[in-house]
Amino acid sequence: MARTPTSAPRGPRAPRGEFGRDRQAQEEPELLDKLVHINRVAKVVKGGRRFSFAALVVVGDGRGRVGYGTGKAREVPEAIRKATETAKRTMIRVPLREGRTLHHDVNGRFGAGRVVVRAAPPGTGIICGGPMRAVFETMGVQDVVAKSVGSANPHNMIKATFDALGNCMSPRGVAAKRGMKVGEVVSRRTAMAGGKE
C-alpha cells in the first residue's frame, strides 16, 4: 500500500555542498588585504643556502574590523596565504566616529615601536607612514593623523598600532563602564573641547 505525501512536493535538490558554500559566503563579508612587508631569510645548510620568505599582511573589512598576520614559506604566494589566514583569525573591532575617524587620540607601544594616533576633522585624509597606512586603509578610516616615534621595523610598528587601536573606546563603551548615559559623556567631551579653544 503506497503512502500519501503529507506535505507539498519539494523542488529539485541542490547539488551536494551548495548550501554550505552559500552560507559561508554570506557570513564572511568582502575583506581587503594589504601586503605590508616581505622578508627573505636564508638558512645555511650543507649544500649552500636555503631561502624562505616571511610575509606580513593586514586584513580588514572597511567597516572597523582589522587584523594582521605573519606567514613563512619557501615560496612568496604560500607565505602570503598563510599570513592572510592568520590575519583573518585575529581580527579586532575598532569603534569609529561617523564611520570615518577614531573617537579620541590614543598612544600605542610594542617593544621599541611607539605610535601616536589622533582623530581628525573631515577632509584630512590618512596622514601616516607606510605600515600604519595599510592598517587604516583596510579598516575603513578616512581621516586620521598618526606618527611613528621609535622603531621603523614594520612588525613593531603594526603591533604598536594595534595596541593603540585596542585602547580606543566609543562613548557608549565609556558610558557603560562609568554607569552614565551616553549624552552625559558626549556633553562633557564637547565642554572640554570648548574649554581648550
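What you see is a predicted model, and the numbers here were worked out from it, not measured in a lab.

### Description of the packing of helix α3 (residues 130-139) against helix α4 (residues 154-166)
Step number 1: Across the interface, α3 lies against α4 with an axial gap of 8 Å and an inter-helix angle of 45 degrees. By the criterion of interaxial angle, the relationship of α3 to α4 is oblique. The hand of the α3/α4 crossing is right-handed. Note on element contacts: α4 touches α3 through Pro154, Met157, Ile158, Thr161, Phe162 and Leu165, opposite Pro131, Met132, Val135, Phe136 and Met139.

### A look at the sheet that holds strand β7 (residues 126-127)
Step number 1: Here four strands make up an open sheet; going across it, the order is β5-β6-β8-β7 and the pairing mixed. Two strands close off the open sheet at either side, each with one partner strand: β5 (106-110) and β7.
Step number 2: Pairing between β5 and strand β6 (residues 113-119): five bridges, direction antiparallel. Within the sheet, the bridge partner assigned to Arg109 lies in β6 and is Arg114.

### Considering α3
Step number 1: Burial analysis of α3 places seven of its 10 residues in the buried class, the great majority of the element.
Step number 2: Where α3 is concerned, the buried positions are Pro131, Met132, Ala134, Val135, Phe136, Thr138 and Met139.
Step number 3: After α3 finishes, the residue Gly140 shows a positive phi value of roughly 95 degrees.

### A word on the packing of aromatic side chains
Step number 1: This model, assessed by the stated rule, comprises one aromatic pair.
Step number 2: Their ring planes at 55 degrees and their centres at 4.8 Å tell us that Tyr68 and Phe162 sit as a pair that is tilted. Highlighted residues: Tyr68 in strand β3 (residues 65-73) and Phe162 in helix α4, separated in sequence by 94 residues.
Step number 3: The exposure class of Tyr68 is partly exposed, given its relative accessible area of 23%.
Step number 4: A relative accessible area of 9% places Phe162 in the buried class.

What counts and how
Throughout this description, residue numbers start from 1 for each chain and increase along the sequence as written. Residue-level local features of this predicted model are given only where pLDDT is at least 70; pairs of side-chain atoms are given and counted only at 80 or more, and the full residue set underlies all totals for whole chains, interfaces and linings. Neither water nor hydrogens contribute to the side-chain values; these are computed over all heavy atoms in the structure. Lines fitted to C-alpha atoms define the axes here, with helix axes fitted over just the stretch in contact, and angles between the N-to-C directions of these axes take values from 0 to 180 degrees. Secondary structure elements follow DSSP: runs of H or I of four or more residues count as helices, runs of E of two or more count as strands, with numbering from the N terminus. What sets the label is the angle itself: under 35 degrees gives roughly parallel, over 145 gives roughly antiparallel, 65 to 115 gives roughly perpendicular, and the rest give oblique. Rotating anticlockwise by less than a right angle from the far helix to the near helix defines a left-handed crossing, while the corresponding clockwise rotation defines a right-handed one. Contacts are assigned to residue pairs that have any heavy atoms within 4.5 Å of one another. Pairs of strands are assigned from DSSP output, requiring at least two bridges between the strands. Between buried and exposed lies partly exposed: a residue is buried under 20% and exposed over 50% of the maximum accessible area for its type, with that area taken using a 1.4 Å probe on protein chains only. Two aromatic rings, drawn from Phe, Tyr or Trp (for Trp, its six-membered ring), form a pair once their centres lie within 6.5 Å of each other, and the interplanar angle then sorts them: stacked below 30 degrees, edge-to-face above 60, tilted otherwise.

Taken by themselves, the reported measurements are silent on function.
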